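# Structural overview for review
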Amino acid sequence: MTYQVVIMYVVAALFALIGAGLLLALLRTSGAGKVYAFRMVGIMAVALGFVLAMSATAMWRWSTEP
């Protein structure tokens, strides 16, 4: 596994954790604007983490094929 793939996995995990944290913050009562912003940014961050992890996996598999 190259260091580029490792970096992509670390960044993917970071975005997924940030997104999950924002979505978990919605459990507390807050204003409508905050709920909207946290929901949108949280879902986008989780999706970015998921897509980056898929891309890192594809890059890793592609680089290890004979």
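Shown above is the structure to which this text applies.
So, a few notes on the structure that sits alongside this text. None of these values were measured; they are calculated from a predicted model.

Once that is clear, we can look at the packing of helix H1 (residues 3-24) against helix H2 (residues 32-64). Direction vectors running N to C along H1 and H2 enclose 160 degrees, while the axes themselves pass 7 Å from each other. Taken as axis vectors, H1 and H2 run roughly antiparallel relative to one another. H1 and H2 meet at a crossing whose hand is left-handed. Residue composition of the contact of H1 with H2, by class: 21 nonpolar, 5 polar and 1 charged.

The next point concerns a nonpolar patch on the surface. Among the surface-exposed residues, Tyr3, Ile7, Val11, Phe15 and Leu48 lie close enough to one another that they form a single nonpolar patch of about 450 Å² accessible area. A total of 4 residues in the nonpolar patch trace back to one element, the largest contributor, which is H1. Within the fold, Ile7 resides in helix H1. A residue is classified by how much of its surface remains accessible, and Ile7, at 48% relative accessible area, is partly exposed.

Reading guide: rules and limits
- Residues numbered from 1 in each chain as written.
- Predicted model: local features only at pLDDT ≥ 70, side-chain atom pairs only at ≥ 80, totals over all residues.
- Heavy atoms only, no water.
- Axes fitted to C-alpha atoms, helices over the stretch in contact; angles between N-to-C directions.
- Helix = DSSP H or I, 4+ residues; strand = E, 2+ residues; numbered from the N terminus.
- Parallel < 35°, antiparallel > 145°, perpendicular 65-115°, else oblique.
- Left-handed = near helix turned anticlockwise from the far one by under 90°.
- Nonpolar A, V, L, I, M, F, W, Y, C, P; charged D, E, K, R; others polar.
- Patch = residues over 30% accessible without salt bridge, like charges linked within 9 Å, V, L, I, M, F, W, Y side chains within 5 Å.
- Areas by Shrake-Rupley, 256 points an atom, 1.4 Å probe, with all protein chains shown as cover.
- Salt bridge = Lys/Arg side-chain N within 4 Å of Asp/Glu carboxyl O.
- Buried < 20%, exposed > 50% of the residue type's maximum accessible area, 1.4 Å probe, protein only.

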